[in-house]
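Here are the chains, one letter per residue:
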Amino acid sequence: MRARGGASAPAMSVDLTTVKKVASLARLAVTDSEAEALVPELNGILDWVEQLGEVDVPGVEPMTAVIPNKLRLREDAVTDGNVRDKVLANAPQAEHGFFAVPKVIE
Amino acid sequence: MAELTDLTVAQIRDGFRAGDFSAREVAEAFNANVAAAEALNAFIVATPDHALAAADQADKDRAAGALKPLSGVPIGMKDLFCTQGVQTTAASHMLEGFTPTYESTVSQKLWDAGAGMLGKLNLDQFAMGSSNETSYFGNVISPWRRNDGGNAPLAPGGSSGGSSAAIAARLCPAATGTDTGGSIRQPAAFTGISGIKPTYGRCSRWGIIAFASSLDQAGPMAHDVRDCAIMLENMAGFDPKDSTSLELPVPKWEAGLSTDLRGKKVGIPKEYRVEGLDADVARVWDDGIAWLKDAGAEVVEVSLPHSKYALPAYYIIAPAEASSNLARYDGVRYGLRELPEGANLQDMYAATRAAGFGPEVKRRIIIGTYVLSAGFYDAYYTQAQKVRTLIARDFARAFESCDVILAPTAPSAAFGLGENIDDPLAMYLNDVFAVPASLAGLPAMSVPGGLSKDGLPLGLQIIGPAFDEQAVLNAGLAIEQRAGFTARPQKWW
């Protein structure tokens, strides 16, 4: 994107390798045909958002809170817990009071 | 007497109080309409027993002289709000069968106010869409049809398309919606009803399945402005469980309704009058200007110079937040798990997410992941958040010279199902007038303004300064009283 104000200018389009890499980062299994279909779609969207680079932004702070609001502190008290069975109630697999997953240590 | 299912929330509330009918009669009438409208596919799950239980309680409360604000009123609940013991899916295969063990703050407030639930309403998957065509549970069909004699199925708008279709078809008198970039206002416009997105932080996000947390805001959808005020009063309020919840008292919006706009200024943003604006949309906008003048307001031109950048900024910010929020769907804690033979944990994540998410959700996760990735973050995400600051500043400046802004809600009337689904950008452009207020966190509502030449509803949007829902509702009511919008879909379902 050609952002004025010193932002870097990354490559403007994605290729099949990039789509597969990003899908992998997002932990999304994609087939070759899905990835191929995504290339032009993503490029269309990225070309379109490219216009943001036209906007002059020196001295403009990125928005962090849309409505000014101060973060509150609450009483230092336990207000939850003791609901193990509720926490596990929707787990695809729960055993002995834990979430169960495929073996991760050989 | 009119059919019970034709009544507004206020009419049901007041008629029930006056003893004109029982809450059970109301619930049974709406339950029957829900059961007879499967062709619209507005509900993912119907909950007639919930509605009847609340009605029976309301009838008891009335006998005991212990009426609540919404006693006797059954409503629809968008299936993005977690409801204890009732499947909550966000219209995704990922959450099919997910049965929350807790209740969202907004839905709990409505039940505490005496309302009952007719069912969980269909929506775009994870609220990502503008036509309700991304639901895993099938398209919602708008009850409206063009006046050309054809039967082309039309979009009810999105993402709150089940809510809009159900209200327009008299399956419920009111419903919850959520609005991230127009998801209350655009479906309201497409179906000839009203809907308001309040100031960001008015309604707790706790228990609402997250899409883009800095934008997501719940609000009501209903037949008219008064009903929106009544519903919003019973949805809003401070909640310590949402760190962005506004610690402010809930105004008495219904009691504050007034259509006397003398001394008020209505801003018309010149940048919204884009070249090629649909002639019907422009006509209804002009009508709206005339109605607000008639109500005593002065009309002034205002400028929102960064308007054209709102939609591209939104399509960086919203997918970025979505890619982070949707990382939670991992096949471990809740929802779907896909475990191919011999798969390890990483394979399981990827297979689960591939099987559970629909194409639009995947598209947005990948865009979001890309714009947040190393080397691209500043050029895309930081730049978009700077543009967002400028968009919010535009509104702040405009509100120095006006009290509310009047604009179209959407650039066209409802389109046919399938017309835009293959072109993501064409679909995204539906929200061109709705997204700026979302990026600025401002209260905004859509009210019916008239019909297109095809006989389809068109909405007018009123945007107000932060915290001033009252000004938005009052201008909306002034339009409503002058628009005389009585059109309704002919029953074909």
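Computed from a prediction, not measured in an experiment: that's the story for all the values here. (Residues numbered from 1 in each chain as written. Chains lettered and ligands numbered in written order. Predicted model: local features only at pLDDT ≥ 70, side-chain atom pairs only at ≥ 80, totals over all residues.)

Re the overall build of chain A
We count it as follows: To qualify as a helix, a DSSP run of H or I must reach at least 4 residues; to qualify as a strand, a run of E must reach at least 2; elements of each kind are numbered from the N terminus. The burial label depends on the number of other C-beta atoms within 10 Å of a residue's C-beta. Counts of 20 or more mean buried, 12 or fewer mean exposed, and intermediate counts mean partly exposed, with C-beta atoms placed from the backbone. The contact criterion used is a C-beta to C-beta distance within 7 Å, with each C-beta placed from the backbone.
When helices and strands are tallied, chain A shows three helices and two strands. Mapped in sequence order, the helices and strands of chain A form the string α-α-α-β-β. Expressed as a percentage of its 106 residues, the buried residues of chain A come to 20%. Once local pairs closer than 6 in sequence are excluded, the contacts in chain A between residues at least 24 apart make up 46%.

A closer look at unusual backbone geometry
Residue and element names in this part refer to chain B. Across the junction of Gly 158 and Ser 159, the peptide omega takes the value 5 degrees, indicating a cis bond. Summarising the element assignment, Ser 159 is placed in the loop between strand S3 (116-121) and helix H5 (161-168). Phi at Phe 467 takes a positive value of approximately 75 degrees, unusual for a residue other than glycine. Assessed through the 17 C-beta atoms surrounding it within 10 Å, Phe 467 is described here as partly exposed.

Details of the interface of chain A and chain B
Note the cut-off: All residues other than Ala, Val, Leu, Ile, Met, Phe, Trp, Tyr, Cys, Pro, Asp, Glu, Lys and Arg, Gly among them, are scored as polar; the first ten of these are nonpolar and the last four charged.
On the chain B side, the residues contacting the 44 residues of chain A number 61 residues. Among the secondary structure elements, those contributing two or more residues to the side of chain A that touches chain B are helix H1 (16-25) and helix H2 (32-49) of chain A. When grouped by side-chain class, the residues that make up the side of chain A that touches chain B number 33 nonpolar, six polar and five charged.

A closer look at H2(A)
Put simply, the test is: In this analysis, the expected span of each helix is defined as 1.5 Å times one less than the number of residues it contains.
Here H2(A) contains 18 residues, and its C-alpha end-to-end distance of 26 Å stays within 8% of the 26 Å for a straight helix at 1.5 Å per residue. Of the positions making up H2(A), those classed as buried are Leu38(A), Leu42(A), Ile45(A), Leu46(A) and Val49(A). Those residues of H2(A) hidden inside the fold are in contact with H1 of chain A together with helix H9 (310-325), helix H11 (359-371) and helix H13 (424-428) of chain B.

Some remarks on the pairing of strand S4 (residues 174-179) of chain B
All names here are of chain B. Filter applied, for reference: For two strands to be treated as a pair, DSSP must find no fewer than two bridges joining them.
Burial analysis of S4 places six of its six residues in the buried class, the great majority of the element. Direction of pairing for S4 relative to strand S6 (residues 217-222): antiparallel, over a ladder of six bridges. Following the sheet pairing, Ala 174 is matched in S6 by Ala 222.

A word on the packing of helix H7 (residues 225-233) of chain B against helix H15 (residues 469-483) of chain B
Residue and element names in this part refer to chain B. Inclusion rule: Every axis corresponds to a line fitted to the C-alpha atoms, with the helix fit spanning only the stretch in contact, and the corresponding angles, defined between N-to-C directions, vary from 0 to 180 degrees. Oblique is the label for any angle not under 35 degrees, not over 145, and not in the 65 to 115 range, which are roughly parallel, roughly antiparallel and roughly perpendicular in turn.
Put simply, H7 and H15 touch, their axes get as near as 9 Å, and they point 155 degrees apart. With respect to their mutual orientation, H7 and H15 come out roughly antiparallel. From H7, Val 225, Cys 228, Ala 229 and Leu 232 reach across to H15, where they touch Glu 469, Leu 473, Gly 476, Leu 477 and Glu 480. In terms of residue class, the contact of H7 with H15 is built from six nonpolar, one polar and two charged.

Quick word on the environment of Thr17(A)
All names here are of chain A. Summarising the element assignment, Thr 17 is placed in helix H1. Look at Thr 17 and you get exposed, because 10 C-beta atoms sit within 10 Å. Note: C-alpha distance between Thr 17 and Pro 58 (41 residues apart in sequence) is 34 Å.

Regarding the confidence of the model for chain A
Interpretation of the predicted coordinates at a detailed level should be avoided for regions scoring low in pLDDT. Quick note on the threshold: A score from 0 to 100, pLDDT tells how confident the predictor is in each residue.
Mean pLDDT over chain A stands at 87; residues scoring 70 or higher make up 89%. Below pLDDT 50 for its whole length, residues 1-11 of chain A participates in 24 contacts with residues either more than four positions away or in separate chains.

Looking at H11(B)
Three- or four-residue spacings in an α-helix give side chains the same orientation, since the helix completes a turn every 3.6 residues. Along its 13 residues, H11(B) runs 18 Å from first to last C-alpha, staying within 8% of the 18 Å computed at 1.5 Å per residue. Judged by how many residues are buried, H11(B) sits mostly within the fold: 11 of 13 residues are covered. Turning to H11(B), its buried residues number three or more, namely Val361(B), Lys362(B), Arg363(B), Arg364(B), Ile365(B), Ile366(B), Ile367(B), Gly368(B), Thr369(B), Tyr370(B) and Val371(B). Here the buried face of H11(B) lies against H1 and H2 of chain A together with H9, helix H12 (377-398) and H13 of chain B.

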